[in-house]
Amino acid sequence: MRIVTVEQMKQIERNADESGVSYLQMMENAGTAAYQAIRRQWPEAKRFAIVAGKGNNGGDGFVIARLAAQDGLAVSVILAEGQPVTADAKTNYDRLQALPVTVLLLDEICELETDVVVDALYGTGFHGALRPSGQKACACINHSGAHVTALDLPSGLQADTGIAAEGSVKADLTIAFDSVKQVHAAKQAAAYCGKIIVADIGIPERCHP
């Protein structure tokens, strides 16, 4: 089992990009692998809600939203902190516009009515305490009563330490992209990650240290 730090993972992704697997393609691969894993875990699920941040973790969630909508599922995207700001996340957000996906701001919902909720809020760059918007988004996920899937790691956890901020997401399934991070092996994080699986996102083996 390969366990990497945040910096090592960034280098792996740079290596992949330089070898011809673009960041946009890695996002597509990550979202596709995550969607397939969710469908295997809960094949009966008909309603998906994606709680998305404004960075690339949100972009991974937008890929899931697109694939679910194309499969005829009922899909809602909740923008926890407004519109996406990274180029690849924007690209995948724009791809939702022609699909029957309901897009809402976090302030516009009281509770989620869904079978699966995807935590696409914060990725490996998170540290410190949750902002008020993050606290509200995590509470919305935790109180949904739905199956909770976290992308790469539950929001509110620090990838290199496993330290959990107050109000962090508690997932039933965590999908680690490419490699296990330090957080997944940390004892204190076990209660937050649920079942952990590692998804292949198309990075060649030669790109790893």
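Every value quoted in this text rests on a predicted model; they were computed, and no experiment measured them.

Student: Help me get a handle on the overall build of the protein chain, residues and values and all.
Tutor: Summing up its helical and strand segments, the protein chain has 7 helices and 9 strands in all. For a compact globule of 209 residues, the expected C-alpha radius of gyration is about 17 Å, and the protein chain comes in at 16 Å, within 12% of that figure. Judged by the C-alpha coordinates and their principal axes, the protein chain covers about 45 × 35 × 30 Å. Taken over 209 residues, the protein chain has a buried fraction of 53%. Within the protein chain, counting contacts between residues at least 6 apart in sequence, those at least 24 apart form 76% of the total. When the accessible surface of the protein chain is totalled, it reaches about 9300 Å², and 49% of it is carbon and sulfur. Across the protein chain, the centroid of the 18 positively charged side chains sits 2 Å from that of the 24 negatively charged ones.

Student: Any chance you could break down the packing of helix H2 (residues 23-41) against helix H3 (residues 56-70) for me, citing the residues and the numbers?
Tutor: Contact pair H2 / H3: the axes reach a minimum separation of 8 Å and the direction vectors enclose 55°. Here H3 runs oblique to H2, going by the angle between their axes. Relative to H3, the crossing made by H2 is right-handed. Between H2 and H3, the contacting residues are Met 27, Glu 28, Ala 30, Gly 31, Thr 32, Ala 34, Tyr 35 and Ile 38 on the first element and Asn 56, Gly 59, Asp 60, Val 63, Ile 64, Arg 66, Leu 67 and Ala 68 on the second.

Student: So what's going on with unusual backbone geometry? Residues and values would help.
Tutor: A positive phi angle, near 75°, is found at Asp 152, a position not held by glycine. The residue Asp 152 is located in the loop between strand E6 (147-151) and strand E7 (173-177) in this model. One non-glycine residue with positive phi stands out, namely Asp 178, at about 75°. In this fold, Asp 178 is placed in the loop between E7 and strand E8 (180-181).

Student: So what's going on with the side chain of His 208? Residues and values would help.
Tutor: Turning to its location among the elements, His 208 is positioned in the segment after strand E9 (195-199). On the basis of relative accessibility, which here comes to 10%, the residue His 208 falls in the buried class. Here the side chain of His 208 touches Arg 2 through a polar contact of 3.2 Å, side chain to side chain. Contacts of His 208, omitting those with residues within four sequence positions, involve Arg 2, Ile 12, Asp 178, Ser 179 and Ile 203.

Student: Could you give an account of helix H1 (residues 6-18), with specific residues and numbers?
Tutor: The end-to-end C-alpha distance of H1 is 18 Å, a good match for the 18 Å that 13 residues give at a rise of 1.5 Å each. For H1, the set of buried residues is Val 6, Met 9, Ile 12 and Ala 16. For H1, the angular spread of buried residues about the axis comes to 120°, placing them on one side. Structurally, H1 contributes buried residues whose contacts are with strand E1 (3-4), H2, E7 and E8. Gly 20, located one to two residues past H1, shows a positive phi value of around 115°.

Student: So, the pattern of salt bridges: which residues are in play, and what are the values?
Tutor: For the coordinates displayed, the defined rule picks out 9 salt bridges. Note that Glu 28 is salt-bridged to Arg 66, the shortest N-O span being 2.7 Å. A residue pair is termed long-range when its members are at least 10 positions apart, and Glu 28 in helix H2 and Arg 66 in helix H3 qualify at 38 residues. This pair shows no difference in class: Glu 28 is buried, exactly as Arg 66 is. In this structure, Lys 136 and Asp 107 form a salt bridge, with 3.2 Å as the shortest nitrogen-oxygen distance. Residue Lys 136 is located in helix H5 (residues 132-142), and its partner Asp 107 is located in the loop between strand E4 (101-105) and strand E5 (116-120); the two are separated by 29 residues in the primary sequence. A relative accessible area of 39% places Lys 136 in the partly exposed class. If you follow the salt bridges from partner to partner, you end up with Glu 28, Arg 66 and Arg 95 in one network.

Student: Residues and numbers for the environment of Asn 57, please.
Tutor: The residue Asn 57 is located in helix H3 in this model. Through-space distance from the C-alpha of Asn 57 to that of Leu 157 is 14 Å; in sequence the pair is 100 residues apart. Leaving out residues up to four positions away in the same chain, Asn 57 has contacts with Asp 119, Ala 120, Leu 121, Tyr 122, Gly 123, Leu 151 and Asp 152.

Cut-off values and rules
- Residues numbered from 1 in each chain as written.
- Predicted model: local features only at pLDDT ≥ 70, side-chain atom pairs only at ≥ 80, totals over all residues.
- Heavy atoms only, no water.
- Helix = DSSP H or I, 4+ residues; strand = E, 2+ residues; numbered from the N terminus.
- Rg over C-alpha atoms; globule rule 2.2 N^0.38 Å.
- Buried < 20%, exposed > 50% of the residue type's maximum accessible area, 1.4 Å probe, protein only.
- Contact = heavy atoms within 4.5 Å.
- Areas by Shrake-Rupley, 256 points an atom, 1.4 Å probe, with all protein chains shown as cover.
- Lys, Arg positive; Asp, Glu negative; His and termini not counted.
- Charge placed at Lys NZ, Arg CZ, Asp CG, Glu CD.
- Axes fitted to C-alpha atoms, helices over the stretch in contact; angles between N-to-C directions.
- Parallel < 35°, antiparallel > 145°, perpendicular 65-115°, else oblique.
- Left-handed = near helix turned anticlockwise from the far one by under 90°.
- Polar contact = N/O pair within 3.5 Å; in protein donor to acceptor, adjacent residues only side chain to side chain.
- Expected span 1.5 Å × (residues − 1).
- Arc of directions from axis to C-beta.
- Salt bridge = Lys/Arg side-chain N within 4 Å of Asp/Glu carboxyl O.

Just geometry here; none of it tells us what the structure is for.
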